[in-house]
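An overview of the molecular structure
Each chain is listed here by its residues.
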Amino acid sequence: MKRLYHSIIKETKVIIRDKEALLLLFAMPTAFVLIMSLAMKDAFGDKGNAAFSVVIIDNDRSVVGETVTEVFSFIPAFKVEMALPGGITDPVKIQDDVNAGRHKFAVIIPEGATKGAVRRIRQQLAFTKKGPAKEVSIRLFADPALRPDQNHLAASTLNRALQGIENRLLWEQFGEVSGVTPQGSLKETAEVLRANKPFAEVYPESPASNVQGAHKRPPMPTAVQQSVPAWSLFAMFMLIIPLSVTFIKERQQGALLRLRSMPAPAWVIICGKAAPFCVINQLQFVSMLLVGIYVVPLLGGDALTIEGGSYAGIAIVSMSASLAAVGYGVMASVFCKTAEQATTFGGTSVIIFGALGGIMVPKFLMPPVMQKITVISPMGWGLDAFLDIFVRGGGVRDILTASGALLIFAIACAITAGARFKYLSR
Amino acid sequence: MAHDCIIEAQGLVKTYPGADRPAVAGIDLRIKKGAFYGVLGPNGAGKTTTLSICSGLMRPDSGLLDIAGLDIRKDLTEIKGIIGLVPQETAVYPTLTARENLLYFGAMQGLSGDRLKTRVDYCLDVARLTPLADKRVETFSGGLKRRLSLVAGLIHEPKILFLDEPTVGIDPQSRLFIYESLKKMNSSGMTIVYTSHYMEEVETLCAEISIIDRGVIIAEGRVDDMVIRHSGSVIEVRLNAPPPEALRQKVSALPHVSGALFDAKTFTVKSAKPQQTIGDIMRLMEESNLNILSLCHGGLSLEKLFISLTGAKLRE
Ligand SMILES: Nc1ncnc2c1ncn2[C@@H]1O[C@H](COP(=O)(O)OP(=O)(O)OP(=O)(O)O)[C@@H](O)[C@H]1O
Ligand SMILES: [Mg+2]
């Protein structure tokens, strides 16, 4: 035990004194988490619970204005902000705001819109002989950065509201003619419109979980939910560079030879080496979590939330991912002859594993074939497990398969490394 | 097994995976307790491999090895406890301080507590590194690193110390310092096995040596005996100008000459009848209008012994 303790102390000192390695292990993932969480924020914005902000300028303050406001508030995809009378109602200013993306949509309802609508209906029903009534002009501005389907959603919501209003007004005018007038004033009509539900109303739902294939699609994380686990895993595996470089240097400089001439068991030497790296891995992960929770929101991104997810699950995944990374590093150390080889091979293989594992491009954005390919990357297993916890609120049971796979990978690496080492030192 | 032998090896053979010839091809060693034993050989001769086998780092493909009465195949851990190895490379951690290096290696040898501290201080003192104990090794000169590497092999007071070319690349002062320290340790009872390709250091340090080349021992025994046995056959000649190729060939073709080595204005030949060969050489030089500046026969240099044993091919 004394030997193990001294091994750990020594390895820790060696690592801490290697400033470049620390930079690689901590500064790099922090930068990635920050950049990706902020840069990808909008790309992920329609996912999760982020809603489009819609500013409604209601100059009408009657049935039309109130109903439109009501309908937009009712749909979760929109977050209604009212431009209060006396606030910014200047259409040019509003358009500027929308163009700059401060609001995703703006709806401008002109003064007297309700009166105009009633006039037009009465004229269509030929209750009045006055000349053709002007069409009411309601305007919808959309952020030019939005996708056509997103624009379409806002337009059809608005049109649906207008159609409802028209039907209601029509019915009311008929009532007047036929003598059945349940409601007197327009104000009361608005109340009725609000209370009355259409004959059918459809909401999107997820297929029941027992329907085949329901759970197979990858979860859709927010930018920060993706970046934190992804780049933590990436950095954890990047550890193979300092790990194998120190190991190879130890070999080349003869220190390993000296150690092997000593009566210290091999496991002490290996564990003494691996343990500090596992601790570094955990520190990396925790610091990335903290960056996600506290730093990203400071810079205007969404904060990382873990509510519902299992902390034990997170710990298990991060431990097993760390063992996989260390195992992989030990294997690379044994197979690479020089530190340069280890750096090149280690760095490249981690980047490829990362790309295949959905680190750089989130899995849910990949076409199905590529999604299938992600199974070959241990980083992909770790990422899937983390997303299960962060996005779906998964627990320990949900991540056992992935953790098990990571542990098996770690063991396989260790065995391969051991066999190769035996072969080389025959 | 003889009772006074602490290392006894028989027929050690070792071929590295993928190599086309064995690095060690049947080596026998008998090293007495308390000896200062030299293993001499050119680059690639198999010195390191032999040492690795004797210090338990590597298993021979075949052969028997007995160290202090223990069988290397069965009592490896015990053997490791009584041997110290100073590898060919410096074998210390550059980013650790001298003291941290010694503490670590001491701990890995199984020392702890006060004994570890005492030994570390003692070793620092032996290497005259006490004032630099808390400086990182990467700031040390080559000689300082070597001295640290040497004492790192002594930390656990081994009975046998294996040294693999411990003086490569250091200045004469540090080299002399290491010689003196080793002599002291040897006279206090430690068995030392020392490899080198420097003739003169083996000559001053070791009473007994083996000379190996291409994985086999080509000569062994007391240095003095060996010199007497072989040096008489070697002639060293210094000229005023480098001999032309044709002359070199004539020298090599002289009767009784079995090897000749040319190096700029000097050359060395081995002859079964040196007196006759000296006459032949003088005649040849006169014919070629070259002046002999010096001619030496029967000197004690191991350098010449080495050439006489391994021939000119050696320096290829
Ligand atoms: N790990 C290895 N794998 C394959 N061949 C090796 C290995 N180590 C040494 N050899 C070869 O075995 C032979 C003996 O090498 P060894 O290192 O024992 O020589 P040496 O006498 O110590 O030489 P030097 O003076 O250069 O240290 C050489 O031909 C060398 O190329
Ligand atoms: Mg060697």
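Structure report, in brief. Given the structure is predicted, the values throughout are model-derived calculations rather than measurements.

What about the overall build of chain A?
Helix and strand content of chain A: 16 helices and four strands. By sequence separation, contacts in chain A at least 24 residues apart represent 82% of the contacts at least 6 residues apart. With an accessible surface of roughly 21,600 Å², chain A has 64% of that area assigned to carbon and sulfur atoms.

Notes on the sheet that holds strand 7 (residues 160-164) of chain B
Residues and elements named next belong to chain B. Here we have six strands laid out as an open sheet, ordered 6-7-8-3-9-10, and mixed in their pairing. Every interior strand has two partners, whereas the edge strands, strand 6 (83-86) and strand 10 (216-222), have only one. Each neighbouring strand pair of the sheet contributes to a mean axis angle of 15°, computed without reference to strand direction. As defined by bridge partners, strand 9 (residues 208-213) adjoins strand 10 across six bridges and the pair is classed as antiparallel. Paired with S210 across the two strands is E220, which belongs to strand 10. Strands strand 3 (36-40), strand 7, strand 8 (191-196) and strand 9 of the sheet are contacted by helix 1 (residues 47-54), whose axis makes an angle of about 155° with strand 7. Lying on the sheet, helix 6 (residues 172-187) is in contact with strand 3, strand 7 and strand 8; it crosses strand 8 at an angle near 150°.

Regarding the coordination of the magnesium ion (ligand 2)
Residues and elements named next belong to chain B. Here the magnesium ion (ligand 2) is held by T48 (OG1) and Q88 (OE1), and the distances to it run 1.8 to 2.2 Å. Residue T48 is located in helix 1, and its partner Q88 is located in the loop between strand 6 and helix 3 (98-108); the two are separated by 40 residues in the primary sequence. Judged by its relative accessible area of 28%, Q88 falls in the partly exposed class.

Examining the packing of helix 3 of chain B against helix 4 (residues 113-126) of chain B
All names here are of chain B. With their axes 10 Å apart at the nearest point, helix 3 and helix 4 run at an angle of 130° to one another. Judged by the angle between their axes, helix 3 and helix 4 are oblique. Crossing geometry of helix 3 relative to helix 4 is assigned as right-handed. Counting all contacts with helix 3, which are made through A98, R99, L102, L103, G106 and A107, the residues of helix 4 involved are L116, V120, D121, C123 and L124. Within the contact of helix 3 with helix 4, the residues separate by chemical class into eight nonpolar, one polar and two charged.

Examining the layout of surface pockets
Residues and elements named next belong to chain A. Of the pockets and cavities examined, the largest pocket occupies roughly 1,200 Å³. If you go around the largest pocket, you meet 40 residues; those closest to its centre are R260, A266, I270, F421 and K422. Here the lining of the largest pocket takes nine residues from helix 16 (residues 396-424), the largest share from any one element.

Observations regarding a negative patch on the surface
Residues and elements named next belong to chain B. A surface patch of negative charge is lined by E200, E203, D224 and D225. Only helix 7 (199-205) and helix 8 (223-231) provide two or more residues apiece to the negative patch. Of note, D225 is situated in helix 8. Accessibility expressed as a relative area gives 38% for D225, which makes it partly exposed.

Brief notes about unusual backbone geometry
In terms of backbone geometry, most residues other than glycine have negative phi values and most peptide bonds are trans. Residues and elements named next belong to chain B. We note that E157 has phi near 50°; this positive angle belongs to a residue other than glycine. Residue E165 is not a glycine yet carries a positive backbone phi of 45°. On the secondary structure map, E165 appears in the loop between strand 7 and helix 6.

Digging into the nonpolar core
With 109 residues, the main nonpolar core has A:L259, A:Y328, B:L102, B:F105, B:L182 and B:Y194 as its most contacted residues. When residues of this core are assigned to their parent elements, the largest contribution, ten residues, is made by helix 8 (residues 223-238) of chain A. Here B:L102 is in contact with B:V120, B:C123, B:L124, B:L148, B:V151, B:A152 and B:I155, once residues within four sequence places are set aside. Counting residues in hydrophobic clusters, the runner-up holds 29 residues, among them B:A35, B:L57, B:M58 and B:V193.

Overview of the pairing of strand 6 of chain B
On a regular strand, each side chain points to the face opposite its neighbour's, so the side chains alternate between the two faces of the sheet. All names here are of chain B. Side chains I83 and L85 of strand 6 all project onto a buried face; the interleaved residues G84 and V86 project onto the opposite face, where all are buried too. Pairing between strand 6 and strand 7: four bridges, direction parallel. Looking at the pairing, L85 lines up with F162 of strand 7.

Comments concerning the site of ligand 1
All names here are of chain B. In the region of ligand 1, 14 residues are neighbours, and G44, K47, T48, T49 and Q88 sit closest. Between ligand 1 and A45 there is a distance of 3.1 Å, counted from an oxygen atom to a backbone nitrogen or oxygen. When ligand 1 is considered free in solution it has 630 Å² of accessible area, and contact with the protein chains removes 63% of it. Taken together, the residues of the shell around ligand 1 sort by class into four nonpolar, seven polar and three charged.

Thoughts on the packing of aromatic side chains
All names here are of chain A. Scanning all chains against the criterion turns up 17 aromatic pairs over all chains. A ring pair is formed by W231 and F234, whose centres lie 5.1 Å apart and whose planes are at 75°; its orientation type is edge-to-face. Of this pair, W231 and F234 are both found in helix 8, three residues apart, which corresponds to roughly one turn of the helix. Both residues of the pair, W231 and F234, belong to the buried class.

So, how was this worked out
Along every chain, residues carry numbers that run from 1 in the direction the sequence is written. For this description, chains carry letters from A and ligands carry numbers from 1, given in the order in which they are written. Reporting of local features is limited, given that this is a predicted model, to residues whose pLDDT is at least 70; pairs of side-chain atoms are given and counted only at 80 or more, and all residues count toward the totals for whole chains, interfaces and linings. Heavy atoms from the whole structure form the basis of all side-chain values; hydrogens and water molecules are not counted. Secondary structure counts use DSSP, requiring at least four H or I residues in a row for a helix and at least two E residues in a row for a strand, with both numbered from the N terminus. What makes two residues a contact is simply this: any of their non-hydrogen atoms within 4.5 Å. Here, Shrake-Rupley sampling with a 1.4 Å probe gives the accessible areas, and only protein chains in the shown set may cover a residue. In short, DSSP must find at least two bridges between two strands for them to pair. In this description, a line fitted to the C-alpha atoms serves as the axis of each element, helices being fitted only across the stretch in contact, and the angle between N-to-C directions of two axes falls anywhere from 0 to 180 degrees. Water is not part of the atom set, so a site may look incomplete; the donors themselves are N, O and S atoms within 2.8 Å of the metal, or 3.2 Å for Na, K and Ca. Whether a residue is buried, partly exposed or exposed follows from its accessible area with a 1.4 Å probe, protein chains only, as a fraction of its type maximum: under 20%, in between, or over 50%, in that order. Each angle gets one of four labels, with under 35 degrees taken as roughly parallel, over 145 as roughly antiparallel, 65 to 115 as roughly perpendicular, and the rest as oblique. In a left-handed crossing the near helix is turned counterclockwise from the far helix by less than a right angle, and in a right-handed crossing that turn is clockwise. The classification used treats Ala, Val, Leu, Ile, Met, Phe, Trp, Tyr, Cys and Pro as nonpolar, Asp, Glu, Lys and Arg as charged, and all other residues, Gly among them, as polar. In this analysis the probe radius is 1.4 Å and the grid spacing 1 Å, with only protein atoms considered; a cavity is a set of points the probe fits into but cannot get out of, a pocket is an open set with protein on both sides within 12 Å along at least five of seven lines, and lining residues have an atom within 4 Å of a point. Grid points are joined across faces, edges and corners, and a volume is the space filled by probe spheres set on the points. A patch consists of residues exposed above 30% relative accessible area that lack any salt bridge, with like charges linked at up to 9 Å and nonpolar side chains (Val, Leu, Ile, Met, Phe, Trp, Tyr) linked at up to 5 Å. The salt bridge definition used is simple: a Lys or Arg side-chain nitrogen within 4 Å of an Asp or Glu carboxyl oxygen. His is not counted, nor are the chain ends, whereas Lys and Arg count as positive and Asp and Glu as negative. The atoms used to mark charge sites are NZ of Lys, CZ of Arg, CG of Asp and CD of Glu. Among the buried residues, those of types Ala, Val, Leu, Ile, Met, Phe, Trp, Tyr and Cys that are joined through side-chain atoms within 4.5 Å form a nonpolar core. Each residue is tested against the molecule or strand, and it is near if at least one of its non-hydrogen atoms lies within 4 Å. The term polar contact refers here to a pair of N or O atoms within 3.5 Å; inside protein, the definition further demands a hydrogen-donor-capable atom paired with an acceptor-capable atom, and it admits residues adjacent in sequence only when both atoms are side-chain atoms. Stacked, tilted and edge-to-face are the three classes assigned to paired rings of Phe, Tyr and Trp, where Trp is represented by its six-membered ring and a pair needs centres within 6.5 Å; plane angles under 30 degrees give stacked, over 60 edge-to-face, the rest tilted.

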